[in-house]
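Residues per chain are reported as follows:
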Amino acid sequence: MAQPPKEPVVAGLLLAAGGGRRLGGRPKALLEHRGRPLVEHAVRVLREGGCGPVHVVLGAAADRVRQEADLSGCVLVDNPGWEEGMGSSLRAGLESLASAATADAALVSLVDQPGIGAAAVARVRSAYRSRDSLAAAAYEGERGHPVLFGAHHWRDIAAGAVGDRGARAYLKEHEASLALVECGDIAEAYDIDTEQDLAHLE
């Protein structure tokens with residue numbers, strides 16, 4: 001009897017290494033949201049959106065994050081070069097996923113975007129077709145997060161992820177094969193970058 005097709009494994013990759021330079025050096029992972037560290041909220045969103053396993057890249061105050069946040073069940077990835085920018089965290093996370101060799105795709109989200117919930121994660125995740133898939137949430141047509149990278153892209157994305165650029169250049173080069181998934185009706189793509197932005201936290 002033919003085996004039913006295997007459900008693809010879409011891992012969540014949470015970039016949570018930022019030091020909150022414009023927030024007076026408060027690590028973003030530990031900002032309080034709904035009574036708990038922001039990183040816990042971001043992990044829950046990935047899981048509720050259908051992603052697993054979840055790899056979390058830590059940098060600023062990594063030891064404190066480990067102590068103060070409940071990240072049980074997550075694979076924790078240390079990025080000693082976190083101050084270089086988001087590119088180094090993306091590299092560290094993709095390398096961690098590649099060495100685990102269990103996921104067909106990575107859905108990448110940022111710890112400082114609490115306005116993006118499980119509904120947007122699930123919608124972008126549903127754009128997975130194969131290990132060649134590339135998809136990103138869009139807000140009124142503008143590309144944003146989360147972003148889905150099929151496993152066949154990981155090595156080349158990691159090679160180009162430098163400074164604060166992450167995968168921007170790679171996605172521009174591969175625009176023709178990138179599926180944009182409109183999420184503006186179910187999510188808000190603001191970042192928590194400045195003191196004023198803290199008003200978005202609950």
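Preceding this paragraph is the structure being described.
Parameters and conventions
Residues numbered from 1 in each chain as written. Predicted model: local features only at pLDDT ≥ 70, side-chain atom pairs only at ≥ 80, totals over all residues. Heavy atoms only, no water. Helix = DSSP H or I, 4+ residues; strand = E, 2+ residues; numbered from the N terminus. Rg over C-alpha atoms; globule rule 2.2 N^0.38 Å. Buried < 20%, exposed > 50% of the residue type's maximum accessible area, 1.4 Å probe, protein only. Contact = heavy atoms within 4.5 Å. Areas by Shrake-Rupley, 256 points an atom, 1.4 Å probe, with all protein chains shown as cover. Lys, Arg positive; Asp, Glu negative; His and termini not counted. Charge placed at Lys NZ, Arg CZ, Asp CG, Glu CD. 1 Å grid on protein atoms, 1.4 Å probe; cavity = no way out; pocket = protein on both sides within 12 Å on 5 of 7 lines; lining within 4 Å. Points joined across faces, edges and corners; volume = space filled by probe spheres on them. Pairing = 2+ DSSP bridges. Axes fitted to C-alpha atoms, helices over the stretch in contact; angles between N-to-C directions. Salt bridge = Lys/Arg side-chain N within 4 Å of Asp/Glu carboxyl O.

1. Points about the overall build of the chain
Broken down by element type, the chain carries six helices and nine strands. By the compact-globule yardstick of 17 Å for 202 residues, the chain fits well, its C-alpha radius of gyration being 16 Å. Evaluated residue by residue, the chain yields a buried proportion of 53% over its 202 residues. Partitioning the contacts of the chain with sequence separation of at least 6, the portion at a separation of at least 24 is 71%. When the accessible surface of the chain is summed, it comes to about 9900 Å², and 49% of that surface belongs to carbon and sulfur atoms. Here the chain holds 21 positive side-chain charges and 28 negative ones, and the gap between their average locations is 3 Å.

2. A few points about empty space enclosed by the protein
Tallying each qualifying case throughout the model produces one cavity of 30 Å³ or more. Its boundaries defined by the atoms lining it, the largest cavity holds a volume of some 110 Å³. Those elements that provide at least two residues to the lining of the largest cavity are α1 (38-48), β6 (105-110) and β8 (142-150). Among the elements that make up the lining of the largest cavity, the one with the highest residue count is α1 (four residues).

3. What about the sheet that holds strand β1 (residues 10-16)?
Strand pairing in a sheet relies on backbone hydrogen bonds. The paired strands run either parallel or antiparallel. Reading across from one edge, β5-β4-β1-β6-β8-β7-β9 is the order of the seven strands in this open sheet, with mixed pairing throughout. The sheet is open, and its two borders are formed by β5 (75-78) and β9 (179-182), each paired with just one other strand. The sheet shows a mean angle of 25 degrees between the axes of neighbouring strands, direction not considered. Against the sheet, helix α3 (residues 86-100) makes contact with β1, β4 (54-58), β5, β6 and β8, and its axis sits at roughly 150 degrees relative to β1, the strand it touches most. Running at roughly 55 degrees to β8, helix α4 (residues 118-125) makes contact with β1, β6, β7 (134-139), β8 and β9 of the sheet.

4. Some details on the pattern of salt bridges
Taken as a whole, this structure holds twelve salt bridges when the rule is applied. Notably, a salt bridge pairs E68 with R64, separated by 2.9 Å at the nearest N-O pair. With a gap of four residues between them, E68 and R64 both fall in helix α2 (residues 62-68), about one helical turn apart. Classification of E68 as partly exposed rests on a relative accessible area of 38%. Of the residues examined, R64 reaches a relative accessible area of 41% and is grouped as partly exposed. Beyond isolated ion pairs, a larger network of salt bridges with shared partners links R22, K28, D112 and D193.

5. Thoughts on unusual backbone geometry
One can expect most non-glycine residues to show negative phi and most peptide bonds to be in trans. Geometrically, the link from G52 to P53 is a cis peptide bond, its omega value of 0 degrees lying close to zero. Here A101, not a glycine, exhibits a phi torsion of approximately 55 degrees, which is positive. Its location among the elements puts A101 in the loop between α3 and β6. Since its relative accessible area comes to 59%, A101 is described here as exposed. Even without a glycine there, the phi angle at E140 is positive, about 50 degrees. Mapping E140 onto the fold places it in the loop between β7 and β8. For E140, a relative accessible area of 77% translates into the label exposed.

As far as function goes, none of this settles anything; it's purely spatial.
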